[in-house]
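# Architecture and fold: a report
Chain by chain, the residues run as shown.
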Amino acid sequence: MTMLMLSLIRALAVLVPWLVHLATWLVARSLNMPQPIVHATSMFVFAQVYAVEMRVGKALCPFRLWRQLQSLMR
């Protein structure tokens with residue numbers, strides 16, 4: 001990697017947490033809620049959405065659907 005690439009990665013590594021903090025602060029401010037509550041709620045919502053997506057993803061897995069179709073054809 002070149003020095004330019006390393007400096008860009010370092011800048012990004014510093015910038016991402018700052019942007020997450022800023023976004024959390026802005027949402028908390030607009031909802032008139034404390035920032036830690038907004039952060040905890042967003043983590044809970046992320047976990048719930050991730051769980052639902054994984055359940056749906058497993059149900060619609062092409063290999064699983066193919067095996068089910070094969071068993072129905074027998």
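Everything discussed here concerns the structure shown above.
Residues numbered from 1 in each chain as written. Predicted model: local features only at pLDDT ≥ 70, side-chain atom pairs only at ≥ 80, totals over all residues. Heavy atoms only, no water.

### Comments concerning the overall build of the protein
Helix and strand counts for the protein come out as three helices and zero strands. Mapped from its N terminus to its C terminus, the protein presents α and β elements in the order α-α-α. Computed over its C-alpha atoms, the radius of gyration of the protein comes to 21 Å, more than 25% above the 11 Å expected for a compact globule of 74 residues. On the principal axes, the C-alpha backbone points of the protein span a range of 55 × 45 × 15 Å. Going through the 74 residues of the protein one by one, you find that 4% of them count as buried. Total accessible area computed for the protein in this model is approximately 6,800 Å², and 75% of it derives from carbon and sulfur atoms. (Helix = DSSP H or I, 4+ residues; strand = E, 2+ residues; numbered from the N terminus. Rg over C-alpha atoms; globule rule 2.2 N^0.38 Å. Buried < 20%, exposed > 50% of the residue type's maximum accessible area, 1.4 Å probe, protein only. Areas by Shrake-Rupley, 256 points an atom, 1.4 Å probe, with all protein chains shown as cover.)

### Quick word on the side chain of Thr24
Note on placement: Thr24 falls in helix α1 (residues 3-31). Judged by relative accessible area, Thr24 falls into the buried class, the value being 13%. Residues within four places of Thr24 in sequence aside, it is in contact with Gln35, Val38 and His39. (Contact = heavy atoms within 4.5 Å.)

### Considering a nonpolar patch on the surface
Nonpolar side chains collect at one region of the surface, where Leu4, Met5, Leu8 and Ile9 lie side by side and expose about 390 Å² of accessible area between them. With respect to the helices and strands, the residue Ile9 is situated in helix α1. (Patch = residues over 30% accessible without salt bridge, like charges linked within 9 Å, V, L, I, M, F, W, Y side chains within 5 Å. Salt bridge = Lys/Arg side-chain N within 4 Å of Asp/Glu carboxyl O.)

### Remarks on α1
Between its first and last C-alpha, α1 extends 42 Å over 29 residues, near the 42 Å set by a 1.5 Å rise per residue. Taken from the residues just after α1, Asn32 is the one with a positive phi, measuring 60°. (Expected span 1.5 Å × (residues − 1).)

### What about helix α3 (residues 62-73)?
Along its 12 residues, α3 runs 16 Å from first to last C-alpha, staying within 8% of the 16 Å computed at 1.5 Å per residue. Of all 12 residues in α3, zero are buried, a share of ten percent or less.

Read these as layout, nothing more, since geometry by itself doesn't imply function.
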